[in-house]
Amino acid sequence: DVVVQDGVLQLTAYEICRESQDMTFLLGATLEDLANQLVQWHGRCKYVFMCLEGRVPSPFDWNKAIADFIAGTPEEEEESEDQSAEEEEESEEEESEEEESEE
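All values reported here derive from a predicted model rather than from experimental measurement.

Caption draft 1: Representation of the pattern of salt bridges within the structure. By the definition in use, this model includes one salt bridge. A salt bridge links Lys64 to Asp61; its shortest N-O distance comes to 3.3 Å.

As structure tokens, this is what we get:
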């Protein structure tokens with residue numbers, strides 16, 4: 001569960017045993033900040049596994065802002081790809097119409 005409001009990001013983290021913890025971060029907080037808080041919350045581990053809105057971050061994502069990582073969820077990426085494909089088709093149709101009118 002993620003909510004962005006008044007310049008902060010509020011999320012609910014869940015352990016495998018279904019215990020939950022509400023957490024609040026500034027919008028610029030990174031995935032590393034989140035991981036550190038999760039380790040501190042759990043207390044018995046050094047590493048955590050994270051899944052945010054259906055996406056699993058890689059070590060290369062560590063410096064990404066939590067909000068930016070979540071904003072790039074696969075569903076939104078698919079929607080933007082669909083929009084790009086539609087725009088591309090429209091521009092191709094316009095070009096072919098222009099070519100036909102030139103002949």
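Caption draft 2: Representation of the environment of Gln37. Its place among the elements puts Gln37 in helix α1 (residues 31–42). On the basis of relative accessibility, which here comes to 35%, the residue Gln37 falls in the partly exposed class. C-alpha of Gln37 to C-alpha of Met23: the two residues are 14 residues apart in sequence and 8.6 Å apart in space. Residues within four places of Gln37 in sequence aside, it is in contact with Met23 and Phe25.

Caption draft 3: Region of the structure containing the pairing of strand β1 (residues 2–5). Where β1 and strand β2 (residues 8–14) come together, four bridges link them in antiparallel fashion. When the bridges of β2 are listed, Val4 appears paired with Leu9. As consecutive antiparallel partners, β1 and β2 are separated by two residues, and within that stretch Asp6 has a phi angle of approximately 55°, a positive value.

Caption draft 4: Up close: a nonpolar patch on the surface. On the surface, Val2, Val4 and Leu27 cluster together into a nonpolar patch covering about 210 Å² of accessible area. Looking at the element boundaries, Leu27 is found in the loop between β3 (20–26) and α1.

Caption draft 5: Just the environment of Ile70, in detail. If you trace the backbone, Ile70 turns up in helix α2 (residues 66–71). With relative accessibility at 11%, the residue Ile70 sits in the buried group. Separated by 17 residues in sequence, Ile70 and Glu53 place their C-alpha atoms 6.5 Å apart.

Caption draft 6: Local environment of the sheet that holds β1. Within the open sheet, the three strands sit side by side as β1-β2-β3. Their pairing is antiparallel. The open sheet is flanked by β1 and β3, the only strands paired with a single partner. Strand-to-strand, the axes of this sheet are offset by a mean angle of 20°, without reference to chain direction. Sheet topology note: the β2/β3 ladder contains seven bridges and is antiparallel. Looking across to β3, one finds that Gln10 is bridged to Thr24.

Caption draft 7: Looking closely at unusual backbone geometry. In the Ramachandran plot, Asp6 falls in the positive-phi region, its phi being about 55° despite a non-glycine side chain. With respect to the helices and strands, the residue Asp6 is situated in the loop between β1 and β2. A relative accessible area of 72% means that Asp6 is categorised as exposed.

Caption draft 8: Local environment of the nonpolar core. In terms of nonpolar packing, the biggest core is built from 15 residues, with Leu11, Met23, Phe25, Leu34 and Ile66 touching the most fellow members. Within the residue set of this core, elements represented by two or more residues are β2, β3, α1 and α2. Broken down by element, this core gets its largest block of residues, four residues, from α1.

Conventions and cut-offs
Residues numbered from 1 in each chain as written. Predicted model: local features only at pLDDT ≥ 70, side-chain atom pairs only at ≥ 80, totals over all residues. Heavy atoms only, no water. Salt bridge = Lys/Arg side-chain N within 4 Å of Asp/Glu carboxyl O. Helix = DSSP H or I, 4+ residues; strand = E, 2+ residues; numbered from the N terminus. Buried < 20%, exposed > 50% of the residue type's maximum accessible area, 1.4 Å probe, protein only. Contact = heavy atoms within 4.5 Å. Pairing = 2+ DSSP bridges. Patch = residues over 30% accessible without salt bridge, like charges linked within 9 Å, V, L, I, M, F, W, Y side chains within 5 Å. Areas by Shrake-Rupley, 256 points an atom, 1.4 Å probe, with all protein chains shown as cover. Axes fitted to C-alpha atoms, helices over the stretch in contact; angles between N-to-C directions. Core = buried A, V, L, I, M, F, W, Y, C linked by side-chain atoms within 4.5 Å.

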